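What follows is the residue order along each chain.
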Amino acid sequence: MKSIDRYMARLIALPLFATLIIAAMLLVLDRIRRLFEFVATEGGPISVVWRMLANLLPEYLGLGIPIGLMLGILLAFRRLATSSELDVMRGVGMSYTRLLRVPYMYAIVLAALNLAIVGYVQPVARYYYEGLRYELRTGALGASIKVGEFTHLGDRMTLRIEESRDNGRDLSGIFVHANTSKGDWIGVTAERGRFLATDDPNVIIFRLTNGTLIHNRPEFRAPRVLTFSSHDLPIDLPKFDNFRQRGGRDLEFTLPELARHGQEAQSAEARAGSRAEFHFRLVEVVTMFLLPLLAVSLGIPPKRSTSALGVFLSIVMLVTYHKVNQYAADIGALGRVDPLIALWVPFAIFAGLVFWMYYVTAYVPGGQPIGVLERGFAKLAKLIGRLLPGRRRKKAYTA
């Protein structure tokens, strides 16, 4: 790489990775509160929150990588333009196409990475995430016993604990009610207790201390009452059904699986859904090759201007286009429009707009594709500045 290429690589790297990290953190912070609430409500261990977040990261990166790439290139060209370095480069004969060499190196690498994420990693991670949600709801992750509430272990046992100490190792104020398959029922109260593991993974021992046990059968005239100082109560852990196989939803298919399912599915609805998801992922990856052109077109402000309208507009355009693709994929999955048309026609329109903006920037003297918006934005900013209370007081003092 030449020195100019190394310089461009450094300019792009910092905002690119900073944007990627910030975007991932914001998305994680938005989800982590809801995950904590969900896990706490289901009574699961807190450690499962981090496992669920790890399985959500591929989904966040699939959206964060394109935004990071675009903002990294846009902010690099904006810095070159505002510091007049771009004028020097253009003055010595460097074209925009030459300056885009390094941005496209980034685009190729990140597009390949994004293809691996959305095509292979994200579907498997989504399946594991749904599996963790299923296990939390069913209690297969070892749902904790809530203090002061009645907890049902299977269909035949109810447990209540008044107080828990030493991370659940010392329990007090215990009530247990259990039904057997023979029609018996057992009620137990005890001062203290603790859970002990056995050789059978499906059975645990609840060792109770200083309590009373009541045993009743239909043929008993009166329930039998037993006072004990120590009693071991075996508890059969509830059996849970295994989670479904991967592929219950199109989001859990990899790209080759989507292509195969889109041809071999028996119902027309299933074929349309698989084809829509397949084309949606491809469009999202291919769009990344347009982002360097869009970033250059929006990152260079007009002369003697420091307006950041291009930064704002680039995010709006990318997010809007992403939402259009999601809507097109939904329409294609319903079978109303062929997925090939529903997703690639908006891509062609977006690509045409990006190429036109780049042509105006690179080949039209003094060209500014958003010049009208820039001028309107500048006038609006001046108008707002005049209407501010502090501005009026300053003018009155000067007069």
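The structure displayed is predicted, hence computed values, not measured ones. (Residues numbered from 1 in each chain as written. Predicted model: local features only at pLDDT ≥ 70, side-chain atom pairs only at ≥ 80, totals over all residues. Heavy atoms only, no water.)

> Which residues make up the nonpolar core, and what are the values?
Most often, soluble globular proteins keep nonpolar side chains buried together rather than apart. Among the nonpolar cores identified, the biggest contains 60 residues, and Ile12, Leu69, Leu294 and Leu298 are the most heavily contacted of them. Broken down by element, this core gets its largest block of residues, 11 residues, from helix H2 (residues 47-82). The residues touching leucine 294, leaving out its near neighbours within four places in the chain, are Met70, Met317, Phe350, Val354 and Met357. Within the second largest apolar cluster, 15 residues are counted, among which are Ile161, Leu171, Ala178 and Phe228. (Core = buried A, V, L, I, M, F, W, Y, C linked by side-chain atoms within 4.5 Å. Buried < 20%, exposed > 50% of the residue type's maximum accessible area, 1.4 Å probe, protein only. Helix = DSSP H or I, 4+ residues; strand = E, 2+ residues; numbered from the N terminus. Contact = heavy atoms within 4.5 Å.)

> Could you give me a rundown of the pattern of salt bridges, with the residues and numbers involved?
Applying the stated criterion to the full structure yields 10 salt bridges. For arginine 126, the salt bridge is made with glutamate 59, and the minimal N-O distance between the two is 2.6 Å. Placement of the pair is arginine 126 in helix H5 (residues 101-138) and glutamate 59 in helix H2, with a sequence separation of 67 residues. The class for glutamate 59 is partly exposed, based on a relative accessible area of 29%. What emerges from the salt-bridge pattern is a single network uniting Asp5, Arg98 and Arg101. (Salt bridge = Lys/Arg side-chain N within 4 Å of Asp/Glu carboxyl O.)

> Could you give an account of the packing of aromatic side chains, naming the residues involved and the relevant values?
Summed over all chains, the structure comprises six aromatic pairs. Taking 5.4 Å as the distance between ring centres and 80 degrees as the angle between the ring planes, the aromatic pair formed by tryptophan 344 and phenylalanine 347 counts as edge-to-face. Of this pair, tryptophan 344 and phenylalanine 347 both sit in helix H10 (residues 339-363), three residues apart, roughly one helical turn. Each residue in the set Tyr358, Tyr359 and Tyr363 is aromatic and connected to the rest through ring pairs, giving one cluster. (Phe/Tyr/Trp six-rings, centres within 6.5 Å; stacked < 30°, edge-to-face > 60°.)

> Tell me about the UniProt feature "transmembrane region" (unreviewed entry) in the chain, and please be specific about residues and values.
Residues annotated in UniProt with the feature "transmembrane region" (unreviewed entry) correspond here to residues 7-29, 60-81, 102-121, 278-298, 305-321 and 341-360. Structurally, residues 60-81 is divided into 100% helix and 0% strand, and its ends, taken at the C-alpha atoms, are 31 Å apart. Annotation note: span residues 341-360, helix share 100%, strand share 0%, distance between end C-alpha atoms 28 Å. (UniProt positions renumbered as here; feature names shortened; annotations may be inferred.)

> Help me get a handle on H10, residues and values and all.
In this model H10 runs 35 Å from its N-terminal to its C-terminal C-alpha over 25 residues, within 8% of the 36 Å that 1.5 Å per residue would give. For H10, the N-terminal capping position is held by aspartate 338, with its side-chain oxygen 2.9 Å away from the main-chain nitrogen of leucine 340. (Expected span 1.5 Å × (residues − 1). Polar contact = N/O pair within 3.5 Å; in protein donor to acceptor, adjacent residues only side chain to side chain.)

> Before we move on, could you go through the packing of helix H9 (residues 309-333) against H10 and cite the residues and values that matter?
Two elements in contact, H9 and H10, have axes whose closest approach is 7 Å; the angle formed by their N-to-C orientations is 160 degrees. Taken together, H9 and H10 sit at an angle that is classed as roughly antiparallel. Of the two elements, H9 crosses H10, and the hand of that crossing is right-handed. Facing H9, whose interface residues are Met317, Tyr321, Val324, Asn325, Ala328, Ala329 and Gly332, H10 presents Pro339, Ala342, Leu343, Pro346, Phe347, Phe350, Leu353 and Met357. Looking at the contact of H9 with H10 residue by residue, the class counts come to 13 nonpolar, two polar and no charged. (Axes fitted to C-alpha atoms, helices over the stretch in contact; angles between N-to-C directions. Parallel < 35°, antiparallel > 145°, perpendicular 65-115°, else oblique. Left-handed = near helix turned anticlockwise from the far one by under 90°. Nonpolar A, V, L, I, M, F, W, Y, C, P; charged D, E, K, R; others polar.)

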